[in-house]
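Structural characterization, general
So you can see what is in the structure, the chains are spelled out below.
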Amino acid sequence: MSSADPTERSGRSGPQEPAPQAGLVGSAQELAEGRTTSQALVADALARIEASRHTLNAFRHLRTEAALAEAAEADRRLAAGERLPLLGVPVAVKDDTDVAGMPTYFGCDGELPPASADSEAVRRLRAAGAVIVGKTNSCELGQWAFTEGPAFGATRNPWSTAHTPGGSSGGSAAAVAAGLVPAALGSDGAGSIRIPAAWTHLVGIKPQRGRISVHPHSDAFQGLTVNGPLARTVADAALLLDAAAGSHPGDPHRPPAVDASAAARRDPGRLRIGLALDPPLTLTRNSPHPEVLRAVTALAEVLAGLGHHVDEARPRYGLIGLSFVPRATAGIAELAALHPEPGLLDPRTRSALRTGTRLGGRVVRAARAREVRQHRRIGAFFDPAGSGYDVLLTPTTAAPPPRIGAFDNLSAWRTDLAMTAACPYAWPWNVLGWPGVNVPAGFTRDGLPVGAQLLGPSRSEGRLISLAAQLEADRRWYEHRPPDPVAVRLTGGDGR
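The shown structure was predicted, so the numbers you read here are calculated from the model rather than taken from an experiment.

1. Points about the packing of aromatic side chains
When we look at a pair of aromatic rings, we describe it by the centre distance and by the angle of the planes. Scanning all chains against the criterion turns up nine aromatic pairs. Between the aromatic rings of F324 and W427, the centroid separation amounts to 5.3 Å while the plane-to-plane angle is 40°, which identifies the pairing as tilted. Of this pair, F324 sits in helix α10 (residues 321–336) while W427 sits in the loop between α14 (412–422) and α15 (428–432); the two residues are 103 residues apart in sequence, bridging distant segments of the chain. As far as the burial class goes, F324 and W427 line up, both buried.

And the structure:
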């Protein structure tokens, strides 16, 4: 990779540069200062979503009438002098998240009843004043690194509509990258925020387990899955994290509060950063793509230039996959068993259901019990008495975004192998429950985004967000935007 600038690609012109659209922080500020209205922002978001439906297919459901009514009410509250962090700002949530009055399909086909109440995360977003415009596409039960399925078709990457935006929060990532909404909520059980953030040139935060409630679930996917933000800037992601953060009285994980927005404004200080290019042990032997390695190595050099001590490192992951597989498949089995028409589920999902059922009970309890030892072993990487690193830097994925349909017609086993080869880096931090942040690392010569992970020990979001903000100030990745999906639709686009 010769440059972080996507216009410097062999044989291709640079992406179109649509007029910049305000992000989450900017939209909130414009509303508070009376320079725009919530009705205008929400109507524009809904229009852009509809216009890009055949180009990107980012949304499963819209709340058109309800969102416009809520925007009108937000304008009345703003005019009366009320101020809240997100009052009147349009945002989206992933379709694994309950919104009262809407079904939660989570990528599945069939008919499901509407949710009777908001999830805790949505309740908190509403309390902060946000207007939920709709629910974004996810692959079936969030189990794959692509967002495709017979229930809704394929969600496409704004940087290249021939490629996936990743998964399982691919709809949220595509919506934010394309400027349909300024930020969106996703969920991450094996990299499902960080992977699509990497493949769409976004900031994606996987918070500490329990930072954002997963209620009405008490411990989603056996503790692997957390909710978190996707946005174009660190400040936008931090603001959404602050708005959604907090626990429900029934939550088993309740970390102390963190002020993410303050962290985004704070200098991280001089840190010791370990660069780990080798992935944890998996059943595949694929080497990371050379352009991914070049991009992440270049980012490490930037960090060194900013004054941090960076050297190569090897975390002691051990056989952490033996804990991940039972927990992940048991989580899929728990959700799949609730579907009223199991015959509509993908055959790969039904295979995971059978595996998860076999590995449930005693096996999954043993897998969870290993977490304490895993915390000690991998935590030694960050312990001042051990390796003493502050942050671990790795690629987010081993490969650039695959093409749409690359996983079609594969068996469950071959799908898992292909995904593990492409995405071997993210999932260990789900086993640990610790935070991680994807930051854009640049582009391949074909203009496809790739990303890097900043990973830390328990409850280290503040440090990771501060470091990401420092990188962003240097790299200014938010200046690079994909072609406008509305313009692509009108002109035909090349689809790459």
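And the narrative resumes.
2. Let's talk about the packing of α10 against helix α12 (residues 362–369)
Contact geometry for α10 and α12: axes closest at 8 Å, N-to-C directions at 130°. It follows that α10 is oblique to α12 by the angle criterion. In this structure, α10 meets α12 at a crossing whose hand is left-handed. Residues L322, S323, P326, R327 and A330 of α10 pack against V363, V364, A367 and R368 of α12. Residues of the contact of α10 with α12, tallied by class, amount to six nonpolar, one polar and two charged.

3. Quick notes on the pattern of salt bridges
According to the stated counting rule, one finds 23 salt bridges in the structure shown. Between E73 and R76 there is a salt bridge, with the nearest N and O atoms lying 2.8 Å from each other. On the criterion of helical spacing, the pair formed by E73 and R76 is a turn pair, its members being three residues apart in helix α3 (residues 64–79). For E73, a relative accessible area of 35% translates into the label partly exposed. Between D95 and K135 there is a salt bridge, with its nearest N and O atoms 3.0 Å apart. Residue D95 is found in the loop between β2 (90–94) and α4 (120–127), and its partner K135 is found in strand β3 (residues 131–136); the two are separated by 40 residues along the sequence.

4. Regarding the pairing of strand β9 (residues 272–275)
Bridging between β9 and strand β10 (residues 309–312) involves four bridges; their strand directions are parallel. From the neighbouring strand, L275 faces β10, where its bridge partner is E312.

5. Focus: the side chain of S38
By the element assignment, S38 lies in helix α2 (residues 38–51). Setting aside chain neighbours within four positions, we find S38 in contact with L31, A71, A74, D75, G88 and V131.

6. Description of the sheet that holds β10
Whether parallel or antiparallel, the strands of a sheet pair through hydrogen bonds between backbone atoms. One open sheet accounts for eleven strands, arranged β1-β3-β2-β6-β8-β7-β12-β13-β11-β9-β10; its pairing is mixed. Sheet topology places β1 (59–62) and β10 at the edges, where each strand pairs with a single neighbour. Across the sheet, the axes of successive neighbouring strands diverge by a mean angle of 25°, strand direction being ignored. Relative to strand β13 (residues 449–455), strand β12 (residues 436–443) is paired through seven bridges, and the arrangement is antiparallel. Residue pairing in the sheet places V439 in a bridge with A452 of β13. Strands β7 (203–206), β9, β11 (391–395), β12 and β13 of the sheet are contacted by helix α16 (residues 461–475), whose axis makes an angle of about 20° with β12.

About the criteria used
Residues numbered from 1 in each chain as written. Predicted model: local features only at pLDDT ≥ 70, side-chain atom pairs only at ≥ 80, totals over all residues. Heavy atoms only, no water. Phe/Tyr/Trp six-rings, centres within 6.5 Å; stacked < 30°, edge-to-face > 60°. Helix = DSSP H or I, 4+ residues; strand = E, 2+ residues; numbered from the N terminus. Buried < 20%, exposed > 50% of the residue type's maximum accessible area, 1.4 Å probe, protein only. Axes fitted to C-alpha atoms, helices over the stretch in contact; angles between N-to-C directions. Parallel < 35°, antiparallel > 145°, perpendicular 65-115°, else oblique. Left-handed = near helix turned anticlockwise from the far one by under 90°. Contact = heavy atoms within 4.5 Å. Nonpolar A, V, L, I, M, F, W, Y, C, P; charged D, E, K, R; others polar. Salt bridge = Lys/Arg side-chain N within 4 Å of Asp/Glu carboxyl O. Pairing = 2+ DSSP bridges.

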